Amino acid sequence: MKKIFIPVLLLFLSITTFAQSQQQTHTHPIDARLFEVFDGTYLEQLNAENPFLIQRLNFYLDHAWYITDLPAEKSSSDYRTIQIEDVEKMNILLVEKEQKLERDWDKQTVYKIGNSGKALVFLPGKEFTKKLNEHLALR
């Protein structure tokens, strides 16, 4: 019995160790826009220890929000006004950090962009998470 148990145990330990080492070395490219918001050392450490969060942040940069015309039926005073110089080149995480924007898990959040007649709309957190999960399932 010992002759079978010891090789099986060693095989199991080898497979477990190999799987853990593969999991730990599976990192993802870090979007350059993240370095505008977070320290590079932090991002590298995060990528090494929890690469899923890098995937999530990368996806968030382009998929958690959108720009649209302000709804005509709502008063522009219904929304907090924020400033975005160039919506085509903005870093959503940097805008959030600098202007202390908040998001909601259950409903979309709308911010008026200056006097542009445009709005920045954050998807509800649960909708963003669903989109992220669908995106990751396609990979």
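Residues numbered from 1 in each chain as written. Predicted model: local features only at pLDDT ≥ 70, side-chain atom pairs only at ≥ 80, totals over all residues. Heavy atoms only, no water.

Asks: I'd like a description of the packing of helix α3 (residues 51-63) against helix α5 (residues 125-137), backed by residues and values.
Replies: At a minimum axis distance of 11 Å, the contact between α3 and α5 shows a crossing angle of 115°. By the angle between their axes, α3 is roughly perpendicular relative to α5. As for how α3 packs across α5, the hand of that crossing is right-handed. Here α3 contributes F52, Q55, R56, F59, Y60 and H63 to the contact with α5, which in turn contributes F128, T129, K131, L132, H135 and L136. Its residues assigned to classes, the contact of α3 with α5 comprises six nonpolar, four polar and two charged. (Axes fitted to C-alpha atoms, helices over the stretch in contact; angles between N-to-C directions. Helix = DSSP H or I, 4+ residues; strand = E, 2+ residues; numbered from the N terminus. Parallel < 35°, antiparallel > 145°, perpendicular 65-115°, else oblique. Left-handed = near helix turned anticlockwise from the far one by under 90°. Contact = heavy atoms within 4.5 Å. Nonpolar A, V, L, I, M, F, W, Y, C, P; charged D, E, K, R; others polar.)

Asks: Now, about helix α2 (residues 40-49): what can you tell me, with residues and values included?
Replies: Restricting attention to buried positions, one finds in α2 the residues L43, L46 and N47. End-on, the buried residues of α2 take up no more than an arc of 100°, which puts them together on one face. Projecting away from the buried face of α2 at angles above 90 degrees are the exposed residues T41 and E49. Of the residues flanking the start of α2, the one acting as N-cap is D39, its side-chain oxygen 3.1 Å from the backbone nitrogen of T41. (Buried < 20%, exposed > 50% of the residue type's maximum accessible area, 1.4 Å probe, protein only. Arc of directions from axis to C-beta. Polar contact = N/O pair within 3.5 Å; in protein donor to acceptor, adjacent residues only side chain to side chain.)

Asks: Outline the sheet that holds strand β1 (residues 65-69), listing residues and values.
Replies: Ordered by their spatial adjacency, four strands build an open sheet running β1-β4-β3-β2, and the pairing between neighbours is mixed. Of all the strands in the sheet, the pair left with one neighbour each is β1 and β2 (80-82). Here the average twist between neighbouring strands, direction ignored, is 35°. In the sheet, β1 pairs with strand β4 (residues 118-122) via five bridges, with the strands oriented antiparallel. Directly across from T68, in β4, lies its bridge partner A119. Its contacts with the sheet place helix α4 (residues 92-99) against β1, β2 and β4, and it is angled at close to 95° to β4. (Pairing = 2+ DSSP bridges.)

Asks: So, the packing of α3 against α4: which residues are in play, and what are the values?
Replies: Geometry of a packed helix pair, given as the angle between the helix axes and the separation of the axes. Following both chains from N to C, one finds α3 and α4 inclined at 85°, their axes separated by 8 Å at the closest point. Between α3 and α4, the crossing angle belongs to the class labelled roughly perpendicular. For the pair formed by α3 and α4, the contact residues are L57, Y60 and L61 on the first element and I92, L93 and E96 on the second. Along the lines of polarity and charge, the residues of the contact of α3 with α4 split into five nonpolar, no polar and one charged.

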